[in-house]
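Analysis of the macromolecular model
Next come the chains, spelled out residue by residue.
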Amino acid sequence: MSGFVFTEKPIPIDHGEGPYLYSDDGTEYLDFGASYACSPLGHCHPNVIRAVKEQVEQVNFVQASYPVDVRTTLYDRLAKLAPGDNDKVWLCNSGTEANEAALKFARHATGRQQLVATTRGFHGRTMGALAATWNQEYKEGFEPLVGGIEFVEYGNADALSEVVSDQTAGLILEPLQGEGGVNPGSSEFLRRAREITTEAGAALIVDEVQTGVGRTGSLWACDAVDIVPDILTTAKGLANGLPMGATLCREWIAENPGSHGGTFSGGPVVCAAADATLETLLDNDLPDHAARIGEYLVDELETTLGDTVRDVRGQGLLVGIEVRHDANAILRELALEHRILALPAGRTVVRFLPPLIVDETHVDRVVSALPEALAAVES
Ligand SMILES: *Cc1c(COP(=O)(O)O)cnc(C)c1O
């Protein structure tokens, strides 16, 4: 295998359609994670393809200081859909870049240095976002990273109130931790985090790179708990598989963002993809659908798996099963024997991040394959 950085799976992909991926030899795989939350509408959605084709022929790239209709439309749409008044938009190409911008904006707008992050949080792999990421394994060999970052226990509001002060530029957290093991934050904790940062004059940065764009059953996970951050970051599903990230923020952050920039910010082709994605997502009520199907998935998993697993948890279509065995062995079994692709979240959690278009029949197929996959690993 020729991959330079990644370890490759023995499943060469030829094409995709809806919730399915097809390998070179024509085998159909149900994608419950292979696209990493990046295809909320399913693979190769016709609306996105059409928008991209039209835009790539009209003007394929021009830098963001020259207005282009498709970018202006996307800015407006994001501003309208943003939680509360997070209507100032910075566009980039990935989740980690969206977080880099957020951390820079928070420092610049407050004139303060300290940043606070949470245990088991994941924010990306560039130097700043990596410094705000908890798991030491991701950092080994890359230090020193960005300094001035302190960690508090995720879920512990009292610890948070001890650490966040008038020295704090910002607190960054996920409303539901994805990579860290699918750990939902309680609404109580998230609301306290909002109060504590407001009192300290610090920016609350909600990282919705994985949870955003409808995945957890509302367009943004923070909508469901009624909190309005100062900065919201998103990426993964935003352009249905094309690379785009966004940092949305309030006026007090935006009026003093410093001299941040990026050559590819808001390229017309990815803007077209993102605009078509958001429009289609909302026209089809996919966040509501994700809430409903996600609940069905969790119920079916709990009923079928019972005590054979440690826990089933999640929100919408971001669901984890804490297993009693090596998650990767189970994933291998699911992929090779049952043609279902999913993801780990740490060593003991099997994670599902399917396109939001999946229905009960897809869920049934996954749930009925699991007892056999678990048994195969146990023996
Ligand atoms: C994936 C992820 C990131 C990093 O996004 P990239 O596009 O891989 O840089 C950041 N935060 C969260 C919560 C993520 O899930």
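That block above? That's the structure.
Below you will find a few notes about this structure. Just so we're clear, the structure is a prediction, and the values are computed from it rather than from any experiment.

About the cut-offs
Residues numbered from 1 in each chain as written. Predicted model: local features only at pLDDT ≥ 70, side-chain atom pairs only at ≥ 80, totals over all residues. Heavy atoms only, no water. Pairing = 2+ DSSP bridges. Helix = DSSP H or I, 4+ residues; strand = E, 2+ residues; numbered from the N terminus. Axes fitted to C-alpha atoms, helices over the stretch in contact; angles between N-to-C directions. Salt bridge = Lys/Arg side-chain N within 4 Å of Asp/Glu carboxyl O. Buried < 20%, exposed > 50% of the residue type's maximum accessible area, 1.4 Å probe, protein only. Polar contact = N/O pair within 3.5 Å; in protein donor to acceptor, adjacent residues only side chain to side chain. Contact = heavy atoms within 4.5 Å. 1 Å grid on protein atoms, 1.4 Å probe; cavity = no way out; pocket = protein on both sides within 12 Å on 5 of 7 lines; lining within 4 Å. Points joined across faces, edges and corners; volume = space filled by probe spheres on them. Nonpolar A, V, L, I, M, F, W, Y, C, P; charged D, E, K, R; others polar. Domains from an automatic or database assignment.

Observations regarding the sheet that holds strand 11 (residues 231-234)
A sheet is described by the order of its strands in space; here 7 strands give the open sequence 4-12-11-10-7-5-6, paired in mixed fashion. The outermost strands of the open sheet, each flanked by one partner alone, are strand 4 (88-92) and strand 6 (149-152). Neighbour-to-neighbour, the strand axes of the sheet open up by a mean angle of 20 degrees, direction not taken into account. The pairing of strand 7 (residues 168-173) with strand 10 (residues 203-207) spans 4 bridges and is parallel.

Let's talk about unusual backbone geometry
The residue after glutamate 143, namely proline 144, is reached through a cis peptide bond having omega 5 degrees. Position of proline 144 among the secondary structure elements: in the loop between helix 4 (127-131) and strand 6. At cysteine 44, a residue that is not glycine, the phi angle is positive and equals roughly 55 degrees. Mapped onto the elements of the fold, cysteine 44 is located in the loop between strand 3 (28-31) and helix 1 (46-58). A positive phi is found at asparagine 240, a non-glycine position, where the angle reads about 50 degrees. Position of asparagine 240 among the secondary structure elements: in the loop between strand 11 and strand 12 (245-249).

Some thoughts on the pattern of salt bridges
Within this structure, the stated rule accounts for 12 salt bridges. Of the charged contacts, one joins arginine 250 and aspartate 85 as a salt bridge, the two residues approaching to 2.6 Å between their closest N and O atoms. You can see arginine 250 sitting in the loop between strand 12 and helix 8 (251-254) and its partner aspartate 85 sitting in the loop between helix 2 (69-81) and strand 4, a full 165 residues away along the chain. Aspartate 85 gets classed as partly exposed once you look at its relative accessible area, which sits at 38%. Here arginine 192 ties to aspartate 158 by a salt bridge, and the two come within 3.5 Å at their closest N and O atoms. Placement of arginine 192 in helix 6 (residues 187-200) and of aspartate 158 in helix 5 (residues 157-163) is noted, with a sequence separation of 34 residues between them. Each of the salt bridges in this network shares a partner with another, and the network as a whole consists of Asp85, Arg194, Asp230 and Arg250.

Concerning the side chain of serine 23
Mapping serine 23 onto the fold places it in strand 2 (residues 20-23). Polar side-chain contacts of serine 23 include one of 2.6 Å to the side chain of aspartate 25. Excluding its chain neighbours within four sequence positions, the residues that come into contact with serine 23 are Ile11, Pro12, Ile13, Asp14 and Tyr29.

Examining empty space enclosed by the protein
Per the stated rule, a full pass over the model turns up 1 cavity of 30 Å³ or more. Computed from the structure, the largest cavity encloses a volume of approximately 50 Å³. Forming the boundary of the largest cavity are Ala37, Pro40, Val209, Gln210, Gly212, Val213, Arg215, Lys236, Gly237 and Leu356. Grouping the amino acids of the lining of the largest cavity by side-chain chemistry returns 5 nonpolar, 3 polar and 2 charged. Residue-level mapping places the lining of the largest cavity at the junction of two domains, with at least three residues from each of domain 1 (13-44 + 285-378) and domain 2 (46-283).

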